[in-house]
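One-letter residues, chain by chain:
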Amino acid sequence: MKDVFSVRRSENGNEVLKQLNNPLVTNVRTLSATTENLEDYESGTTCLMSVATAMTVTLPKVQKGLQFTFVWTAIPTADSHIINADSTADTLLGGIAMIDEDTTVVATNAGATCAFAHPNLADHQVVIDAATTNTTKGGEIGSWLRYTGVSDTQWLVEGVMLINGSVATPFT
């Protein structure tokens, strides 16, 4: 008989993680506080970035198999949305498509309307800097990022960031 789920203790031992082998339901959590700390037992959650004001989200200590998806449902206006790894030792790899949401045709692209951004070796956070006139690092409504733990020290980041203006990398 095939196992329906696997059970393991969370890093802090207070919660039990249950991960379905083939999940049919995804947890959705609306993030709206200035500071949000995700826990390892929330793996599999889709997080809605739902406020235009400053927000800092901290991921749990990376573990192989953890996964979080972030979807922007509000455009950051004058403040930043930041997604931090638990520590500078938890680094990022992968890449994201950066697309100017005003572009409705395939760009000949002089580097300003679409690009592929990837983190440097020591990068551990994504910073969506907002300005009153544009969001050049992403964060337009419909932007999304998925973080997947591929080791005990690295998050794989993938997604599509919709921008307004010239492309700038959000990785730091």
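Bear in mind that the values here come from a model prediction, so they are computed numbers and not experimental data. (Residues numbered from 1 in each chain as written. Predicted model: local features only at pLDDT ≥ 70, side-chain atom pairs only at ≥ 80, totals over all residues. Heavy atoms only, no water.)

Chemist: In this structure, what is going on with the packing of aromatic side chains? I would like to understand it.
Modeler: Each aromatic ring pair is characterised by the separation of its centres together with the angle its planes make. Applying the stated criterion to the full structure yields three aromatic pairs. Between Tyr-147 and Trp-155, the ring centres sit 6.1 Å apart and the planes meet at 80°, which makes this aromatic pair edge-to-face. By the burial criterion, Tyr-147 is buried, and Trp-155 matches it. Among the aromatic residues, ring-to-ring pairing joins Phe-68, Phe-70, Tyr-147 and Trp-155 into one connected group. (Phe/Tyr/Trp six-rings, centres within 6.5 Å; stacked < 30°, edge-to-face > 60°. Buried < 20%, exposed > 50% of the residue type's maximum accessible area, 1.4 Å probe, protein only.)

Chemist: What exactly am I supposed to notice about the nonpolar core here?
Modeler: Within soluble globular proteins, side chains that are nonpolar generally end up buried alongside one another. Grouped together as the largest cluster of nonpolar side chains are 28 residues, with contacts concentrated most on Phe-70, Leu-145, Tyr-147 and Trp-155. Elements supplying a minimum of two residues to this core: strand S5 (46–49), strand S6 (55–58), strand S7 (67–72), strand S9 (91–100), strand S11 (125–128), strand S12 (144–149) and strand S13 (154–163). Looking at this core element by element, the count peaks at four residues for S13. When near neighbours in sequence (up to four residues on either side) are disregarded, Tyr-147 contacts Leu-59, Leu-66, Gln-67, Phe-68, Phe-70, Ile-83, Leu-92, Val-126, Trp-155, Leu-156 and Val-157. (Core = buried A, V, L, I, M, F, W, Y, C linked by side-chain atoms within 4.5 Å. Helix = DSSP H or I, 4+ residues; strand = E, 2+ residues; numbered from the N terminus. Contact = heavy atoms within 4.5 Å.)

Chemist: Which parts of the structure should I look at to understand the sheet that holds strand S8 (residues 81–84)?
Modeler: Sheet strands pair via backbone hydrogen bonds, and the direction of the pair is either parallel or antiparallel. Ordered in space as S4-S6-S8-S11, the four strands form an open sheet in which the pairing is mixed. In this open sheet, the two strands that pair with only one neighbour each are strand S4 (35–37) and S11. Going across the sheet, the axis of each strand differs from the next one's by a mean of 10°, ignoring polarity. Bridge count for S8 against S11 is four bridges, and the pairing is antiparallel. Paired with His-81 across the two strands is Ile-128, which belongs to S11. (Pairing = 2+ DSSP bridges. Axes fitted to C-alpha atoms, helices over the stretch in contact; angles between N-to-C directions.)

Without other data, these values stay purely geometric and don't point to any function.
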